[in-house]
Amino acid sequence: MSERPLSVHKLGGTSLGDAERIVRAARLLAGASRRRRVVAVASAMGGATDLLLRAAHEAERGRLRPALRSVAELRSRHEAAAAGIAAATGASVDFGLAPFVELETALSGIALLRERTPRVTDLVASFGERLSVPLLAAALEATGVPARAVDARTFLVTDAAHGAATCDRRRTDPKARRLLGRLLAEGVVPVVTGFVGRTPSGETTTLGRSGSDTTAALLGAALGAREVVIWTDVDGVMTADPRIVPWARLLPRLSYREAAEMTYFGAKVLHFPAVLPAVAARIPLVIRSSFAPDGPGTTISEKGDPRPGIRAVTAVSGLCLLSLDGKGMTGVPGIAARVFQTTARLGVSVVMFSQASSEQNIAIVLPEADRARTAAALVQEFRYEKLVGAIDGVAAKSPIAVVAAVGDGMRGTVGIAAKVFAAVARAGVNVESIAQGSSECNISFAVDEKDRLAAVRALHEAVAS
Ligand code: ADP
Ligand code: ASP
Ligand code: MG
């Protein structure tokens, strides 16, 4: 008999918020496992990662007592969830003391040194998923489906870019196939920690906030899954973030490119790097609500929606705009290249770049957290040009948000840019800087953070229905 096809199912933090939701998530997995072989990927319980990172910050300031209070809170939340799951299903979970002692030791180390390295931050952050996975596995077992909690650090190897690590697929894929393949062959559903991995030398890493989506996509690609289902708290990908535009509509279909553009420009519903393994392996990503599991959801695949126009609007906050101005820049080759060399050297990711056609202005938009060091490095880089008066200097502006209109159907459609900027102008929003990628699948522009909401809502009016 040929093997049943495989699906990877990822449960987000909101879908694992408390005992009741974990039991509901387990039932969803049990239903799915009747039709297909299933690998589950779990996020931390909603809010757990935030709590852990807050504890690490407290410890860094030498405030160990509040940090340890957070550990106690984390422990009681998980123990309450375990008790709730036991009451509902009869399953029993015992975390033991070990994880809490390890966490307290890490926090004590941070407090002692008053130093929080990216490495220890990742170790602290990893506990959310390490504690949620035994709960989901136990709840699933209680439905009669054999399940096993799996720590992804046993197979998921990454580089050492703590806080935003990248998976080494060459090392990871064979290990994942061996380890998870063995469990699947025994009819067991592996319940894997999302978000976490380890370096080749064994240090704990994380894939970046929301990284469990990426773990799921990586496993889908490694195991040749038929689909990767992301269970979350919204019906699917909407025409805008429903928290900002409550009247946003569900998008039943999106292309990988549209999903990549949307998630890169702030659509939190999916982690941007999750799109990459899915595209490479041509595996559809399906976004669905664990609160309304019978809904159609959004299928992200090669085939988007062929209709013309803007598909969705997104926004990213927490940014700043650095600009280089000066009449002496006109016709001088290599200025843009030197700006990018500078940001690349610092490892700063540039969200948006624009150059006026007069060549008298270059603007880059980057995370606010990188503003000071990037501005200082640019001043240093262009000190000669400043001295001879070719540039006026480096100006900074924040807080800035980037708003983007996304859609494959924008390509080759006449008048899209006019429509976008007319909508924004009607809302009285001043546009600081504009960029259009060569793909024409995205028009993005920077606005003052205070105008973000108005810009998104105004632009949403122009979304094709
Ligand atoms: P999870 O805990 O399931 O990973 P997230 O909070 O990471 O959930 O992602 C879901 C959230 O993404 C939604 O609650 C919604 O506010 C936000 N979001 C942002 N943009 C969009 C969009 N275009 N469509 C749907 N949700 C979006
Ligand atoms: N728990 C992690 C976070 O809160 C990863 C995830 O939820 O995907 O960012
Ligand atoms: Mg998420």
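Novice: Even after reading the chapter, I still don't get the nonpolar core, so can you show me in this structure?
Specialist: Buried together is how nonpolar side chains tend to be arranged in soluble globular proteins. If you look at the biggest cluster of nonpolar residues, it comprises 62 residues, and the most contacted ones within it are Phe155, Val192, Leu219 and Ile300. Looking at this core, the element that brings in the most residues is helix H8 (residues 212-223), giving seven residues. Look past the residues within four positions of Val192 in its chain and what remains in contact with it is Val39, Ala40, Val41, Ala42, Val133, Val150, Ala152, Phe155, Leu180 and Leu219. Of all hydrophobic cores here, the second largest spans 55 residues; its members include Leu16, Ala42, Val145 and Ala147.

Novice: Help me understand a nonpolar patch on the surface, please; the structure alone is not making it clear to me.
Specialist: A surface patch of nonpolar side chains, amounting to about 390 Å² of accessible area, comprises Tyr384, Leu387 and Val388. Topologically, Tyr384 is positioned in helix H13 (residues 383-387).

Novice: When you look at helix H5 (residues 118-125) in this model, what are you seeing that I'm missing?
Specialist: In an α-helix, one turn spans 3.6 residues; hence positions three or four apart end up facing the same way. Of the positions making up H5, those classed as buried are Val120, Thr121, Asp122, Val124 and Ala125. Residues of H5 that are buried sit in contact with helix H2 (48-60), helix H4 (98-113), helix H6 (127-142) and strand S6 (204-206).

Novice: What is the right way to read helix H11 (residues 335-346) from this model?
Specialist: The first and last C-alpha atoms of H11 sit 17 Å apart over twelve residues, in line with the 16 Å expected at 1.5 Å per residue. Considering only its buried residues, H11 is in contact with strand S11 (312-325), strand S12 (352-355), strand S13 (361-367) and helix H12 (371-381). Of the residues trailing H11, Gly347 is marked for its positive phi of about 70 degrees.

Cut-offs and rules
- Along each chain, residues carry numbers from 1 onward, in the same order as the chain's sequence is written.
- Naming scheme: in the order in which they are written, chains are lettered from A and ligands are numbered from 1.
- At least 70 in pLDDT is required for a residue's local features to be given in this predicted model, at least 80 for side-chain atom pairs to be given and counted, and no such filter applies to totals for whole chains, interfaces and linings, which use all residues.
- Derived side-chain values reflect all non-hydrogen atoms in the structure, with water molecules and hydrogen atoms excluded from consideration.
- We define a nonpolar core as any set of buried Ala, Val, Leu, Ile, Met, Phe, Trp, Tyr and Cys residues linked to one another through side-chain atoms lying within 4.5 Å.
- Type-normalised accessible area, obtained with a 1.4 Å probe on protein chains alone, sets the label of each residue: buried when under 20%, exposed when over 50%, and partly exposed for intermediate values.
- Counting from the N terminus, the helices are DSSP H or I runs at least four residues long and the strands are E runs at least two residues long.
- Throughout, a contact is declared for two residues whenever any of their heavy atoms are within 4.5 Å.
- What goes into a patch is any residue over 30% in relative accessible area without a salt bridge, connected to like charges within 9 Å or, for nonpolar side chains (Val, Leu, Ile, Met, Phe, Trp, Tyr), within 5 Å.
- We get accessible surface area from the Shrake-Rupley algorithm with a probe of 1.4 Å; when it comes to residues, only the shown protein chains can shield them.
- Between Lys or Arg on one side and Asp or Glu on the other, a salt bridge is scored when a side-chain nitrogen of the former is within 4 Å of a carboxyl oxygen of the latter.
- For a helix, the expected span equals 1.5 Å multiplied by the residue count minus one.

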